[in-house]
Amino acid sequence: MVKLFAISVIRRPIDGPPDGRCVLLKGSYDLASFGFFQRASVKEFMSFSSQTIVERTSPATRQSVKEQEFFCHVYVRVDGLSVVLVSDIDYPSRVAHTLMTKVLDDFSSKFEWRSVGPEALDAYRDLDQTLAKYQNPREADALTRIQTELDETKIIMHNTIEAVLERGEKLDDLVAKSDNLSAQSKMFYKTAKKTNSCCNF
Amino acid sequence: MSVIKKVHLKGIPFNILPETLLLAINMSPIGGDERNGSNFRKKVVIIDENVAELCDKILQNLSNTIDKDDLLDEFDIIPCESKLNQSPVIHDLTSHKVALESWCVPYLFKHSYHQFLWICRKSRKTSSTSSSSSTIQSSNSGPRRDSGNIASAKREKELSRKLSCLSESERISKGLLLSRALIIINPELTLAWNYRRDFFHPSSLEALEKEQRFVSLVMSRKPKCPEGFTYRKWLIKKALQKSLVEPSRIQDFISQEIDMIEQPIRSYSTNYHAWSYRFWLLELVLTYDKTVVSKDQKEIMLDRELQKSNTWIKSNVSDYSGCHYRQKLLDCMLNFCSDGIPLLLKELDENEKRIFIFEGHESLWHHRRTVILLSINHLKKCKDNNGSNAPLSSEEYGGLEALEKTFQDKESDLVQQIESKNYNDTENECSQLNFKLCQAHVKWMERRLKWDLTKSVHLEV
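Cut-off values and rules
- Residues numbered from 1 in each chain as written.
- Chains lettered and ligands numbered in written order.
- Predicted model: local features only at pLDDT ≥ 70, side-chain atom pairs only at ≥ 80, totals over all residues.
- Heavy atoms only, no water.
- Salt bridge = Lys/Arg side-chain N within 4 Å of Asp/Glu carboxyl O.
- Buried < 20%, exposed > 50% of the residue type's maximum accessible area, 1.4 Å probe, protein only.
- Helix = DSSP H or I, 4+ residues; strand = E, 2+ residues; numbered from the N terminus.
- Pairing = 2+ DSSP bridges.
- Contact = heavy atoms within 4.5 Å.
- Polar contact = N/O pair within 3.5 Å; in protein donor to acceptor, adjacent residues only side chain to side chain.
- Core = buried A, V, L, I, M, F, W, Y, C linked by side-chain atoms within 4.5 Å.
- Axes fitted to C-alpha atoms, helices over the stretch in contact; angles between N-to-C directions.
- Left-handed = near helix turned anticlockwise from the far one by under 90°.
- Nonpolar A, V, L, I, M, F, W, Y, C, P; charged D, E, K, R; others polar.
- Disulfide = S-S within 2.5 Å.
- Parallel < 35°, antiparallel > 145°, perpendicular 65-115°, else oblique.
- Phe/Tyr/Trp six-rings, centres within 6.5 Å; stacked < 30°, edge-to-face > 60°.
- Lys NZ or Arg CZ within 6 Å of the ring centre and 35° of its normal.

Student: I'd like a rundown of the pattern of salt bridges, residues and numbers included.
Tutor: Scanning the entire structure with this criterion turns up 30 salt bridges over all chains. For the salt bridge of R77 of chain A with D79 of chain A, the shortest nitrogen-to-oxygen distance reads 2.9 Å. Judged by relative accessible area, R77 of chain A falls into the buried class, the value being 15%. Between E257 of chain B and R232 of chain B there is a salt bridge; the shortest N-O distance is 2.8 Å. Highlighted residues: E257 of chain B in helix α11 (residues 250-260) and R232 of chain B in helix α10 (residues 226-241), separated in sequence by 25 residues.

Student: Residues and numbers for the pairing of strand β1 (residues 4-11) of chain A, please.
Tutor: Residues and elements named next belong to chain A. Among the eight residues that make up β1, eight are buried, leaving the element largely enclosed by the rest of the structure. Pairing between β1 and strand β5 (residues 81-88): seven bridges, direction antiparallel. Bridging from a neighbouring strand, A6 pairs with V86 of β5.

Student: How would you summarise the environment of R12 of chain A if you had to cite specific residues and measurements?
Tutor: Residue and element names in this part refer to chain A. On the secondary structure map, R12 appears in the loop between β1 and β2 (23-29). The exposure class assigned to R12 is buried, which follows from its relative accessible area of 15%. Counting along the chain gives 68 residues from R12 to G80, while the straight-line C-alpha distance between them is 4.9 Å. Setting aside residues up to four positions removed in sequence, R12 forms contacts with C22, V54, E55, T57, S58, P59, V76, G80 and S82. Within the local environment of R12, its side chain forms a polar contact with the backbone oxygen of V54, the two atoms lying 3.0 Å apart. Of the polar contacts made by the side chain of R12, one reaches the backbone oxygen of T57; its length is 2.9 Å.

Student: Describe the nonpolar core, naming the residues involved and giving the relevant values.
Tutor: If you look at the biggest cluster of nonpolar residues, it comprises 138 residues, and the most contacted ones within it are L100, I184 and I254 of chain B. Aside from chain neighbours lying at most four places away, what touches L100 of chain B is I58, L62, F75, D76, I77, I78, P88, V89, V105, L108 and I185 of chain B. By size, the runner-up hydrophobic cluster in this structure holds 27 residues, among which are A6, F34, V84 and V175 of chain A.

Student: Quick rundown of the packing of helix α7 (residues 168-185) of chain B against helix α8 (residues 190-199) of chain B? Include the residues and the values.
Tutor: Residue and element names in this part refer to chain B. Where α7 contacts α8, the two axes come as close as 9 Å, and the packing angle between them is 145°. Between α7 and α8 the crossing geometry is left-handed. When α7 is examined against α8, the residues R171, I172, G175, L176, S179, R180 and I183 are found in contact with a partner set consisting of A192, W193, Y195, R196 and F199. The residue makeup of the contact of α7 with α8, split by class, is seven nonpolar, two polar and three charged.

Student: Lay out the state of the cysteines in plain terms, naming residues and giving numbers.
Tutor: Residue and element names in this part refer to chain B. Overall, the coordinates contain zero disulfides over all chains when judged by the stated rule. C104 takes part in no disulfide bond, and the closest cysteine sulfur to it belongs to C55, at a distance of 7.7 Å. According to the relative accessible area criterion, C104 is buried, its value standing at 1%.

Student: Kindly report on unusual backbone geometry, identifying the contributing residues and their values.
Tutor: All names here are of chain A. You will see that A60, though not glycine, has its phi angle at about 60°, which is positive. Here A60 shows up in the loop between α1 (39-55) and β3 (61-67). Classification of A60 by relative accessible area gives partly exposed; the value is 39%.

Student: If you had to explain the environment of D252 of chain B to someone new, which residues and values would you point to?
Tutor: Residues and elements named next belong to chain B. Along the chain, D252 turns up in helix α11. Among the residues examined, D252 registers a relative accessible area of 41% and is labelled partly exposed. Along the chain, D252 and Q297 lie 45 residues apart, while their C-alpha atoms are 9.9 Å from each other.

Student: Could you give me a rundown of the sheet that holds β5 of chain A, with the residues and numbers involved?
Tutor: All names here are of chain A. Taken in spatial order, the six strands line up as β2-β1-β5-β4-β3-β6 in an open sheet, and their pairing is mixed. The open sheet has two edge strands, β2 and β6 (155-158), and neither has a second partner. Taking each pair of neighbouring strands and ignoring which way they run, the sheet shows an average axis angle of 15°. With seven bridges joining them, strand β4 (residues 70-76) and β5 adopt antiparallel strand pairing.

Student: Describe the side chain of S8 of chain A, with residues and values.
Tutor: All names here are of chain A. Tracing the backbone through its elements, the reader meets S8 in strand β1. The exposure class of S8 is buried, given its relative accessible area of 1%. Residues in contact with S8, not counting those within four places in the same chain, are L24, K26, G27, S50, S82, V83 and V84.

Student: Which residues make up the packing of α10 of chain B against α11 of chain B, and what values do they have?
Tutor: All names here are of chain B. For the pair α10 and α11, the least separation of the axes is 12 Å and the interaxial angle reads 165°. Considered as vectors, α10 and α11 are oriented roughly antiparallel to each other. Handedness of the α10/α11 crossing: right-handed. Taken together, the residues of α11 that come into contact with α10 (itself represented by R232, I236, A239 and L240) are I250, F253, I254, E257 and M260. Of the residues contributing to the contact of α10 with α11, the split by class is seven nonpolar, no polar and two charged.

Student: Tell me about the packing of aromatic side chains, and name the residues and values.
Tutor: For the structure shown, the criterion picks out 19 aromatic pairs over all chains. Aromatic side chains F36 of chain A and F37 of chain A sit 5.1 Å apart centroid to centroid with 90° between the ring planes, which places their arrangement in the edge-to-face category. The same class applies to F36 of chain A as to F37 of chain A, namely buried. With a centroid separation of 6.2 Å and 85° between ring planes, the pair formed by F279 of chain B and Y325 of chain B is classed as edge-to-face. Of the two residues, F279 of chain B sits in helix α13 (residues 272-286) while Y325 of chain B sits in helix α15 (residues 320-336), which places them 46 residues apart along the sequence. An aromatic cluster is defined as three or more aromatic residues linked by ring pairs; in this entry it consists of W275, F279, W312 and Y325 of chain B. Over the ring of Y75 of chain A we find R62 of chain A; its NZ or CZ atom is 3.8 Å from the centre of that ring.

So, in structure tokens, the structure goes:
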């Protein structure tokens, strides 16, 4: 399936201490294809992994991280404003990256993003519209043509989230330590991989 | 915001249960690998009398919920630990979803499974007394006792004490109840499905539709369960056999079933079982007696499916099962309509567009090959009939020979485009993959169709 699940705009501190926390400014999700009882956890996990990856991506870099049947596309601008797009593996990654550039351009032209807080952005609906519109990658076709020569940054590909993590870090530990994940989401993380296998409940 | 309501049992609310009992469930000896917390099958679950009582309640609660809410469309098991004094059955009233909390599942399953086995054995014995040829069956159920396992003997005794007071009809309805709970937790259990085949006798269309909804509920959690699809087939056959559906409504009835399996198709990509079941349904209508389902109705149905599958493969590029379904549809269409060539040409055009947008997807190329093969075979067939029933559009293209040339030109066009794109963009991984797939395509055409495109295209094959 060709599908976009989430777009989130994140502020990544570049001047502050290297371990400064990222701030999730605005996120938009389309989780209708997930089970009703899993949606809350899926949402938490998407924003958790988005932030985790942005923290580990240096400025002026593009990355595409594959994790099971998902793709996390990350773009951190030189000034630290970042965007993460979660899609399924069929969504063309070049289209995804062009789309992300557009999202950041729109966002930074509308807000004083260095100082704005997530609360002030509650009424910002453009992200939802973008998410809905570009579910069909053909919509982005025109966009791609304009942008081809615009952006020369090479996209770094990774096959798992683990590959993005720093040496010695483990995803299981990060999940266990995280404050942003509820107890149920952590349980969900442990069992999620098994649901589709046969003779298991 | 939707409201999640914790369902309390009629009569005995959960808070009457001694807290220690619920604690006992959490603490009861569980062997196996603790880190691997989700794999319940490795755990040794011990069911004592108190736990059994609790399981019975949960079971009752679950069945009541399923019976009461006809609109239920999703079931799930939520991974979480037990909370005191709350039923593990979670029922969302506003959006009609039901879930079980995972802590109770191993207990519930084991408890129901033992009871269910006892009932199965019992019903087999009663049927063996009535029929003459079942001596083998009764001797089959014997050896279980001889195994000498004291625990199982004790359990057996306990179960007989509890369940032997039931009359036969009560036992059957209990068995149906248990099989339903077992199936919803673990739909790979063929024994439970078979029990339903033996004892579920739909007397009306409503009862049958209710059963269909139940299977859909099971599939909302396990969308690719093959047992479920076989059972669905059985239900449809039963409905037609017992003529529960009026002859004039057969087409509607099947369309309705096709709509119902859209959900498993959506929730699991490349769901082969679902797609082949879908084709089975369609074939059933297309081959149905002419006097019951008219040719017009069949055409409408085929058209509808063609449109639906088109929208599906537009957005699901790597779902080859979906493509396969479409290929079968196109094949049907060629036999059904007088002129399918324009549709096939259109199919190739759409496929070409997708090949450029979604670079490097092998399924697109495979689909293309099958469509070409379909067209060429169709043209051959027309030729063999001395062109007497040649497609109307062949005139437009200047005869069958020219038509084949049209297909050939289309391919060489595509190959040229891919080639030129590759020169501009050698960096991109997907384009390179697409280029390789294109080379394979050229090779295939040369081998299979004896089309030599290497002359017109400078490709190094």
